[in-house]
Amino acid sequence: MAMNAREIEELIKASLPDARIVIRDLAGDGDHYAAEVVSESFRGKNRVQQHQMVYKALQGNMGGALHALALQTSVPD
Amino acid sequence: MSDINAFIDNEVKSNDVLLFMKGTPTFPQCGFSGQVVQILDYLGVEYKGVNVLENADIRQGIKDYSSWPTIPQLYVKGEFVGGCDIIREMFQAGELQTFFADKGIAVAQAA
């Protein structure tokens, strides 16, 4: 089972509406993605907390339907 | 606290640098685990690897323990530092070396 990039983006957007999201399909198999997520809500949080917010947005799909999502999070400049 | 949670908690607190991974430091069985192994080996940090593929309870238990859905997971002095992405990002920024130094963990090679 795999997810497409649009589904991933929509899930993240639902939790982090202000987020700017860039998703790349690394292997073309719908199973290995890289995502850059930029959101004001990350401000003041460490990397672990920022990634946890994204994982939470993905509602349990991470590690399940979604095998690999390389994450890079940051706050807007 | 369940048995598995108590076991994980004890492992995390009794090893200065602990890596939950797929495979072993000598034979990583997943590219993400392998990347963290390479970084730790490059830095010459002493660490213990726990192979989650050998025990399904630990594999699930560690995800619950940290509220983190993926393996590998690196713990330093009882603190969850991050998974593969965070460790790589910290390493590339030179932060990981400083982090180990601040925690009093010996690093063999200066970056």
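The following refers to the structure shown. Just so it is clear, the model here is predicted, and its values are computed rather than measured.

### What to know about the overall build of chain B
Of regular secondary structure, chain B possesses five helices and four strands. A compact globule built from 111 residues should have a C-alpha radius of gyration of about 13 Å, and chain B, at 13 Å, falls within 12% of that. C-alpha atoms of chain B, sized along the principal axes, occupy 40 × 25 × 20 Å. A total of 111 residues make up chain B; the buried ones form 39% of that total. The contacts of chain B with a sequence gap of at least 6 include a subset with a gap of at least 24, amounting to 62%.

### What to know about unusual backbone geometry
All names here are of chain B. The omega angle of the peptide bond from I71 to P72 is 5 degrees, so this bond is cis rather than trans. Look at S67: it is not a glycine, yet its phi comes out positive at around 55 degrees. Tracing the backbone through its elements, the reader meets S67 in the loop between α3 (56-66) and β3 (73-76). For S67, a count of 11 C-beta atoms within 10 Å gives the class exposed.

### Some thoughts on the packing of helix α2 (residues 31-43) of chain B against helix α4 (residues 84-92) of chain B
Residues and elements named next belong to chain B. In contact at an axis separation of 9 Å, α2 and α4 are set at 30 degrees when each is read in the N-to-C sense. Taken together, the axes of α2 and α4 lie roughly parallel to each other. Classified by chirality, the crossing of α4 by α2 is left-handed. Only C84, I87, R88 and F91 of α4 make contact with α2, whose side of the interface consists of F32, Q35, V36 and I39.

### As for the nonpolar core
Proteins that are soluble and globular tend to have nonpolar side chains buried together. If you look at the biggest cluster of nonpolar residues, it comprises 31 residues, and the most contacted ones within it are L19, M21, V36 and I87 of chain B. Taken together, the elements giving at least two residues each to this core come down to α1 (3-14), β1 (17-21), α2, α3, β3, β4 (79-82), α4 and α5 (95-102) of chain B. Per element, the largest residue contribution to this core is five residues, and it comes from α4 of chain B. Setting aside residues up to four positions removed in sequence, M21 of chain B forms contacts with P28, S33, V36, V37, G49, V50, N51, V52, I71 and P72 of chain B. In this structure, L16, A35, M62 and L71 of chain A belong to the second largest nonpolar core, which totals 14 residues.

### What to know about the sheet that holds β4 of chain B
Residue and element names in this part refer to chain B. The strand order across the open sheet formed by four strands is β2-β1-β3-β4, and the pairing between neighbours is mixed. The sheet is open, and its two borders are formed by β2 (48-51) and β4, each paired with just one other strand. Adjacent strand axes in the sheet meet at a mean angle of 25 degrees when their direction is disregarded. Sheet topology note: the β1/β3 ladder contains four bridges and is antiparallel. Paired with L18 across the strands is Y75, a residue of β3.

How each quantity is defined
Residues numbered from 1 in each chain as written. Chains lettered and ligands numbered in written order. Predicted model: local features only at pLDDT ≥ 70, side-chain atom pairs only at ≥ 80, totals over all residues. Helix = DSSP H or I, 4+ residues; strand = E, 2+ residues; numbered from the N terminus. Rg over C-alpha atoms; globule rule 2.2 N^0.38 Å. Buried ≥ 20, exposed ≤ 12 C-beta atoms within 10 Å, placed from the backbone. Contact = placed C-beta atoms within 7 Å. Axes fitted to C-alpha atoms, helices over the stretch in contact; angles between N-to-C directions. Parallel < 35°, antiparallel > 145°, perpendicular 65-115°, else oblique. Left-handed = near helix turned anticlockwise from the far one by under 90°. Core = buried A, V, L, I, M, F, W, Y, C linked by C-beta atoms within 7 Å. Pairing = 2+ DSSP bridges.

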